Amino acid sequence: MKLVRFALVGATVALAAGGGALVAWLGSDGRLGYTEPRGNPTAETDGLFPLAPVAERRPLPGFTFADADGRSMRLADLAGKVMLVNLWATWCPPCIAEMPALDTLERRLGGDRFQVVTVSLDRGGMERVLAWFSRNDIRALTPYAADPAQFGNAVLPTSLLVDSQGRVAWHGSGLRDWAGAEAEAAVKALLAE
């Protein structure tokens, strides 16, 4: 009798877990994770990065973040260069999936005129970011971390392409191919302005 009860409890737990997974899968609308917005912008944009006309670009958002030495910064502190600002977290599957491509883009184009600025929103702060960078062989990117409370209900990953005048030329959420030709072309277009 005890064995039958054990088998029934086990079957009930398995059915509940399977049912929960089915409900999650049916409710995902094809998104990569719960952090990616409905409609999967990755699939809809086909990797394109249409830059806003100069007259329609808005100023940078004014949040603070810290570098690896704990110095407080704003994006305006990096003014004068084209930037790809990426808000991410180590617990976000699409974020960690695109991090190697961001590292590749920084390695290819980074320098005095362009920088990939990856700002982690991890509650563990810089210690967690540095450990994650080390474990995942991220070498070209400079680590930054921000207090996630500044961002409310931000969808991760969120990225901004910023022109050298500090204006947002493009923004989007979701996984992108930052090592692809389209991303490189958008950065080069901003550098040529």
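Here is what the cut-offs are and how they apply
- Along each chain, residues carry numbers from 1 onward, in the same order as the chain's sequence is written.
- Local features in this predicted model are restricted to residues whose pLDDT is 70 or higher, and side-chain atom pairs enter the listing and the counts only when it is 80 or higher, whereas totals over whole chains, interfaces and linings include all residues.
- Note that water and hydrogens are dropped before the side-chain values are worked out from all heavy atoms of the structure.
- Going along the chain from the N terminus, every DSSP run of H or I of four or more residues is numbered as a helix, and every run of E of two or more is numbered as a strand.
- Every residue pair with non-hydrogen atoms within 4.5 Å of one another is taken to be in contact.
- Computed by Shrake-Rupley with a 1.4 Å probe, the accessible areas treat only the displayed protein chains as cover when residues are assessed.
- Multiplying 1.5 Å by the helix residue count minus one yields the expected span of that helix.
- Three labels apply to residues, based on accessible area from a 1.4 Å probe with only protein chains included: buried if under 20% of the type maximum, exposed if over 50%, partly exposed otherwise in between.
- Crossovers are marked right-handed if the path from the first strand over the helix to the second runs clockwise, as seen with the strands pointing away from the viewer.
- Here the rule is simple: two strands pair whenever DSSP picks up at least two bridges between them.
- Each residue gets a pLDDT score, which is the predictor's confidence in that residue and runs from 0 to 100.
- Only rings of Phe, Tyr and Trp enter the pairing, Trp through its six-membered ring, and a pair is recorded when the two centres are within 6.5 Å. The plane angle decides the type: under 30 degrees is stacked, over 60 is edge-to-face, the rest tilted.
- Definition of nonpolar core: a set of buried residues of the types Ala, Val, Leu, Ile, Met, Phe, Trp, Tyr and Cys, connected through side-chain atoms within 4.5 Å.

Novice: It is not clear to me how the overall build of the protein chain should be interpreted in this structure. Could you clarify?
Specialist: On a plain count of helices and strands, the protein chain comes out with 5 helices and 8 strands. When its helices and strands are written in sequence order, the protein chain yields α-α-β-β-β-β-α-β-α-β-β-β-α. Considering only intrachain contacts with a sequence separation of at least 6, the fraction spanning at least 24 residues in the protein chain is 71%. Total accessible area on the protein chain stands at roughly 10,500 Å², and carbon and sulfur atoms take up 58% of it.

Novice: Explanation requested: helix α3 (residues 93-109) in the structure shown.
Specialist: In an α-helix, one turn spans 3.6 residues, which is why side chains three or four residues apart end up on the same side. Over its 17 residues, α3 extends 25 Å from the first C-alpha to the last, a length consistent with the 24 Å expected when each residue adds 1.5 Å. Of the residues making up α3, those classed as buried are Pro94, Cys95, Glu98, Met99, Ala101, Leu102, Asp103, Thr104, Leu105, Glu106 and Leu109. Those residues of α3 hidden inside the fold are in contact with β4 (82-88), β5 (114-120), α4 (125-135), β7 (158-162) and α5 (181-192).

Novice: Mind showing me how you'd approach the pairing of β4 here?
Specialist: Where burial is concerned, most of β4 is hidden: 7 out of the 7 residues are buried. Of the two faces of β4, both are covered, the one formed by Val82, Leu84, Asn86 and Trp88 as well as the one formed by Met83, Val85 and Leu87. Crossover β4 to β5 through α3 is right-handed. Both β4 and β7 contribute to a ladder of 5 bridges, which runs antiparallel. When the bridges of β7 are listed, Leu87 appears paired with Thr158.

Novice: Explain the confidence of the model for the protein chain here, please?
Specialist: Should the pLDDT be low somewhere, the predicted coordinates at that spot are not to be read in detail. For the protein chain, the average pLDDT comes to 84, and 76% of its residues sit at 70 or higher. Within the protein chain, β5 carries the highest mean pLDDT (98), whereas helix α2 (residues 41-45) carries the lowest (43). Confidence drops under pLDDT 50 across residues 17-46; counting only partners more than four residues distant or on other chains, this segment forms 29 contacts.

Novice: Any chance you could explain the packing of aromatic side chains here in plain terms?
Specialist: One pair of aromatic rings is described through two measures. These are the centre distance and the angle between the planes. Taken as a whole and assessed by the stated rule, the structure comprises 9 aromatic pairs. Considering the side-chain rings of Phe63 and Phe151, the 5.0 Å spacing of their centres and the 65° angle between planes classify their relative orientation as edge-to-face. You can see Phe63 sitting in the loop between β1 (58-59) and β2 (64-66) and its partner Phe151 sitting in the loop between β6 (142-145) and β7, a full 88 residues away along the chain. What makes Phe63 buried here is its relative accessible area of 7%. Ring geometry for Phe65 versus Tyr144: centroids 5.2 Å apart, planes at 85°, classification edge-to-face. Here Phe65, found in strand β2, pairs with Tyr144, found in strand β6; they are 79 residues apart in sequence, far enough to count as distant. In textbook terms, an aromatic cluster arises when at least three aromatic residues are bridged by ring pairs, as seen for Phe63, Phe65, Tyr144 and Phe151.

Novice: Teacher, can you tell me more about unusual backbone geometry here?
Specialist: The amide bond that connects Leu156 to the next residue, Pro157, takes the cis arrangement and shows omega of -10°. The topology assignment puts Pro157 in the loop between β6 and β7. A positive phi angle is found at Asp137, which is not glycine, with a value near 55°. Owing to a relative accessible area of 44%, Asp137 belongs among the partly exposed residues under this scheme.

Novice: Honestly, the nonpolar core in this entry has me stumped. Any pointers?
Specialist: Soluble globular proteins: nonpolar side chains tend toward being buried together. One finds Phe65, Phe114, Val117, Val119 and Trp178 to be the most contacted residues of the largest nonpolar core, which totals 48 residues. Contributing elements (two or more residues each) for this core: β4, α3, β5, α4, β6, β7, β8 (167-173) and α5. Beyond its immediate chain neighbours, meaning those up to four positions away, Phe65 contacts Arg71, Ser72, Met73, Arg74, Leu75, Val117, Val119, Tyr144, Ala145 and Ala146.

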